[in-house]
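Residue-level structural notes
What follows is the residue order along each chain.
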Amino acid sequence: MSRLTCRLALGLAWLGAMCALLAAAAADVEVTPDPRAEVVVVGVPRPVQLVVDPSGHLVVLSPGWRGDAAAELYRFELSALPVDASAAPRMVIPFSRGPRKVAFGSLALDPRSGDVFMGEENGNRVYRLSAGGRLALFGVGLNTLLGGSTLAFDRSGRLIVLDYASPEEQRRSENPPPANFEGLGDNAYHGPVVLRLDPHDDVPLPRRLDLITPILPRGPVQPVGIEPLYRFISAATTSTGDIVLLDSVGQLFVLASDAVLRPLARLPAGFYHRTHMAVGPDGGVFVSSGFQIRQIFRVSPEGVVTVVARDLGDPEGIAVDDDGFLYVAENALHRVIRIRPLIRLPPASRR
């Protein structure tokens, strides 16, 4: 046997062994003894976000197989799961005209209208897709809108938007820096900006999000030259109207109506990026931790952290239905899994 043939044989053997290891890893989803997980959607390319709408559908956001569109949206009936999405109908959203080639990375559902709101990942625009299928530019003027759960709705139908202000990001914003609170327009603030607005207000579109008074910060702002404030990367809202915020080092805070940040919990150490959060019927917050940590956490209203599932294939989008079933988009495995509720709630306590 020639040296080239030997190398080729060794290479093929190594490749086969690696494929077997990857297949074995993908086949097992480790979860706590109760609940159990099941695969309910396969064949959806790199799902990044999902929501459950009031009509009982699972809406999944995907960049598509070729990455030649801003997004692809799938809609599946919960009662018809499991399903193979490879041949399922989808809505393809092309890139906007001109030099902008920004894909959508965040997704939120308006509980009043059923409209879907999508944000540009690492961009500064928010779009609205009406229940009738019409896509429109909703808001402009952000500094940097990350992916994950940087868009969320509260129970009253108000939209929560996470932004971040820094001198570098303000210089590349498509609009002049906001001037609605002292110092931010002069690069004197370096930290998170949390916006809350009613999308049903009678205001011409697109909304100038940079002209909306934020709920965080409120009052005097921090000058440049000292340690930056938290980098919030995910938001979720509770039934009481509080906003739960997750930062990039795994700290969770509660932002109540008094605009004071109160610590809630600290997740295990790691790199948190493209995280997603959802609130269960009992008030517990579920955190999908992304490809580095690969776990699903539950944080109780008292701040107790438990692991719901681990060793997942890049867990990203996460949603909870009214019965407490948890849906998780496994980006690397092109599928969605469903996890049975940790706590069974009586019908009277459901939303």
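Below is a short write-up of the structure. Here the structure is a predicted model, which is why all the values come from computation and not from measurement. (Residues numbered from 1 in each chain as written. Predicted model: local features only at pLDDT ≥ 70, side-chain atom pairs only at ≥ 80, totals over all residues. Heavy atoms only, no water.)

**Structural notes on the environment of P63**
Here P63 lies in the loop between β4 (57-62) and β5 (71-77). Using a relative accessible area of 19% as the deciding quantity, one classes P63 as buried. Along the primary structure P63 and L73 are separated by ten residues, whereas in three dimensions their C-alpha atoms are 8.7 Å apart. Excluding residues that lie within four positions of it along the chain, P63 makes contacts with P45, R46, V48 and A69. (Helix = DSSP H or I, 4+ residues; strand = E, 2+ residues; numbered from the N terminus. Buried < 20%, exposed > 50% of the residue type's maximum accessible area, 1.4 Å probe, protein only. Contact = heavy atoms within 4.5 Å.)

**Remarks on the layout of surface pockets**
Of the pockets and cavities examined, the second largest pocket occupies roughly 280 Å³. Contributing to the lining of the second largest pocket are 14 residues, with R75, M91, L129, S130 and A131 lying nearest its centre. For the lining of the second largest pocket, the residue count by class is eight nonpolar, three polar and three charged. (1 Å grid on protein atoms, 1.4 Å probe; cavity = no way out; pocket = protein on both sides within 12 Å on 5 of 7 lines; lining within 4 Å. Points joined across faces, edges and corners; volume = space filled by probe spheres on them. Nonpolar A, V, L, I, M, F, W, Y, C, P; charged D, E, K, R; others polar.)

**Structural notes on the sheet that holds strand β18 (residues 251-255)**
Judged by pairing direction, the sheet is antiparallel, and its four strands sit side by side in the order β16-β17-β18-β19 without closing on themselves. Strands with a single pairing partner mark the edges of an open sheet, and in this sheet they are β16 (232-237) and β19 (261-266). Between one strand and the next, the sheet's axes are offset by a mean angle of 25 degrees, whatever the strand orientation. Here β18 runs beside β19; their pairing, made up of five bridges, is antiparallel. Within the sheet, the bridge partner assigned to V254 lies in β19 and is R262. (Pairing = 2+ DSSP bridges. Axes fitted to C-alpha atoms, helices over the stretch in contact; angles between N-to-C directions.)

**Topic: the sheet that holds strand β9 (residues 116-120)**
With mixed pairing, the five strands of this open sheet are ordered in space as β8-β9-β10-β11-β15. Here the strands that pair on one side only, and so sit at the sheet edges, are β8 (104-109) and β15 (207-208). As paired strands, strand β10 (residues 126-129) and strand β11 (residues 135-140) are joined by four bridges and run antiparallel to one another. Bridging from a neighbouring strand, R128 pairs with A136 of β11.

**Notes on the nonpolar core**
Grouped together as the largest cluster of nonpolar side chains are 18 residues, with contacts concentrated most on L252, L267, M277 and V287. Of all elements in the fold, only β16, β17 (243-247), β18, β19, β20 (276-279), β21 (285-288) and β22 (296-299) reach the threshold of two or more residues within this core. With near-sequence residues (within four places) excluded, L252 lies in contact with V244, L245, L246, R262, P263, L264, A265, L267, M277, V287 and V299. (Core = buried A, V, L, I, M, F, W, Y, C linked by side-chain atoms within 4.5 Å.)

**Overview of the pairing of strand β13 (residues 159-165)**
A regular strand places its side chains on the two faces of the sheet in alternate fashion. A large share of β13 lies buried, amounting to seven of its seven residues. What you see with β13 is no split at all: L159, V161, D163 and A165 on one side and I160, L162 and Y164 on the other are buried throughout. Sheet analysis places strand β12 (residues 151-153) next to β13, joined by three bridges and oriented antiparallel. Along β13, the bridge assignment pairs L151 with V161.

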